[in-house]
Amino acid sequence: MKRYHVTTFGCQMNEHDSERMKGMLESIGYREAPDPDSADLILFNTCSIREAADSRFMAHLGHAKRRKRERPGVVIGVGGCWAQSVKEEVFRRFPFVDVAFGPGQVHKLAEFLTSDSLTAQGYFEFEGFTGELPQKRARDFQGWVQISVGCNMVCSYCIVPSTRGREVSRAAEDLVAEVERMASEGVTEVTLLGQNVNAYGRDLGKRGLPAANFADLLARVDAIDGIERIRYTSPHPQDMKEDVVRAHAELGALCEHIHLPLQSGSSRLLKAMRRTYTRERYLDRVALIREHVPDCAITTDIIVGFPGETEEDFAQTLSLAEEVGYDGAFTFVYSPRRETEAATFPDQVAHDVKVERMERLVEVIQRGARQRAQRFVGRTLDVLVEGPSRKDPTRLRGRSRHNKVVNFTGLAQAGEFVQVDVTSATSQTLAGEESLVARATG
Ligand code: 5AD
Ligand code: SF4
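A quick note: this is a predicted structure, and the numbers were derived from the prediction, not measured.

1. Thoughts on helix H12 (residues 311–324)
Working step 1: Here H12 contains 14 residues, and its C-alpha end-to-end distance of 20 Å stays within 8% of the 20 Å for a straight helix at 1.5 Å per residue.
Working step 2: Within H12, the full set of buried residues consists of Asp313, Phe314, Thr317, Leu318, Leu320, Ala321 and Val324. One side of H12 holds all its buried residues, which, seen down the axis, span an arc of 160°. Among the exposed residues of H12, those oriented more than 90 degrees off its buried face are Glu312 and Glu323.
Working step 3: Each element contacted by the buried residues of H12 is listed here: helix H10 (267–272), helix H11 (279–292), strand S13 (297–304) and helix H13 (351–373).
Working step 4: Immediately beyond the C-terminal end of H12, within one or two residues, lies Gly325, with a positive phi of roughly 70°.

Following this line, the structure appears as structure tokens:
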């Protein structure tokens, strides 16, 4: 029996794609190896979003090369966004790589492995959704659902439109059937994935498929028996319309959390980023969310040190972050990416300026998140148990509907929903105890 090992870099879409790679490999008789050293097939699912992702992967690739020298029969495969962005060049730069494929070509891996030809092969044209392949889920009760691939936006910093291509949505019927199947297998929480989820469905009519938009899809998934929680990532503020915001108030399973990527609080920079909204329009979206779902957690992505960012632009980002009071944020130092518009902009920001601004931003974000988190202290929250707490294995760890990590004492098993009395909060996590009252009453 042949064994595989997959190392995954990057976003949740890549995590999802890796689960599908594993499912597909198991369907052709492969089994998972605990580490690359004992694998016959060493796979990397790569990311290219920032330079750091590239360099981390290079270090892993170096190890794989040494393993192949020791055991020449080992097959090395490279999939995902980095592979897509360098294409055939991968074989010239790394001759020990046997197979390379982009995010729309995962199924070709099985073809390659079952064919007689063992010469280096690359597959880079979009052909199919990984969501249609068998899935090997990391957790029985949580599942990812790929609703679309690609992105039609042209954010000037972003490599994704060139790696994941134009937006293509999957038919709503297929998605509903997939979630129904997941629910019958015990999945209670689904996360809908796409590069721009709320643009979902716009291309369906043109492709002769029944019309559907993102709000419709949310309602149809909400109606599926057994699905207790729905999450999605990531939406674009431009397409965050009232129907989707209202859905958070109206659909029982849709969680009180919206990740709304900001990138910058300066309208001037947003324009240079080609984000298609202004500071005011973004704040207006936040106001809409707060109006319909007052308790909704709002998180974001922010880029620091985009080309041309002045102290004044940066001050606008800080003040917007203060004004919104995010429940959490991913903050990134701008990283020039090959073949993106912003990489060619003349006024790149000096590294030490980027680092200094990042420190100031993180301080504001953490202060805001800590304050926001205090609203949970004294409340009893619905928590989906994920397993033992990372810091203290005698305690449990789970997530609230607001996507807050909750560490607590209790007796529940992974996959159970429990009520937790929250006793304290930091910017990152909540702490508490399983509610005795709720357990006694069931
Ligand atoms: N440099 C830094 N951060 C980036 N992101 C995307 N491209 C870049 C880049 N070139 C960030 C954005 C996006 C998140 C997934 O990664 O904030 O929302
Ligand atoms: Fe990385 Fe973006 Fe590709 Fe995800 S879609 S793996 S974040 S480059």
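This is not the end of the story, as more comes after the structure.
2. So, the site of ligand 2
Working step 1: In the region of ligand 2, the neighbouring residues are Cys11, Asn14, Thr46, Cys47, Ser48, Ile49, Cys81, Val160, Arg164 and Gln195.
Working step 2: Residue classes in the shell around ligand 2 are distributed as 5 nonpolar, 4 polar and 1 charged.

3. Re the site of ligand 1
Working step 1: Inspection of the region around ligand 1 gives Ile49, Arg50, Tyr157, Gln263, Asp301, Ile303, Phe332, Val333, Tyr334, Ser335 and Arg337 as its neighbouring residues.
Working step 2: A distance of 3.1 Å separates a nitrogen atom of ligand 1 from a polar atom in the backbone of Tyr157.
Working step 3: One nitrogen or oxygen atom from the side chain of Gln263 is found 2.6 Å from an oxygen atom belonging to ligand 1.
Working step 4: Within the complex, 87% of the 400 Å² of free accessible area of ligand 1 lies under protein.
Working step 5: Contributions of two or more residues to the shell around ligand 1 are made by S13 and strand S14 (328–333).

4. Some remarks on the sheet that holds S14
Working step 1: Spatial strand order, S12-S13-S14: 3 strands in an open sheet with parallel pairing. Whereas interior strands pair on both sides, the edge strands pair on one side only; in this sheet they are strand S12 (257–259) and S14. Strand-to-strand twist of the sheet, defined as the mean angle between neighbouring strand axes without regard to direction, takes the value 10°.
Working step 2: Lying over the sheet, H13 contacts S13 and S14, oriented at roughly 175° with respect to S14.

About the criteria used
Residues numbered from 1 in each chain as written. Chains lettered and ligands numbered in written order. Predicted model: local features only at pLDDT ≥ 70, side-chain atom pairs only at ≥ 80, totals over all residues. Heavy atoms only, no water. Helix = DSSP H or I, 4+ residues; strand = E, 2+ residues; numbered from the N terminus. Expected span 1.5 Å × (residues − 1). Buried < 20%, exposed > 50% of the residue type's maximum accessible area, 1.4 Å probe, protein only. Arc of directions from axis to C-beta. Contact = heavy atoms within 4.5 Å. Near = heavy atom within 4 Å. Nonpolar A, V, L, I, M, F, W, Y, C, P; charged D, E, K, R; others polar. Polar contact = N/O pair within 3.5 Å; in protein donor to acceptor, adjacent residues only side chain to side chain. Areas by Shrake-Rupley, 256 points an atom, 1.4 Å probe, with all protein chains shown as cover. Pairing = 2+ DSSP bridges. Axes fitted to C-alpha atoms, helices over the stretch in contact; angles between N-to-C directions.

Fair warning: the whole summary comes from geometry, so function is off the table for now.
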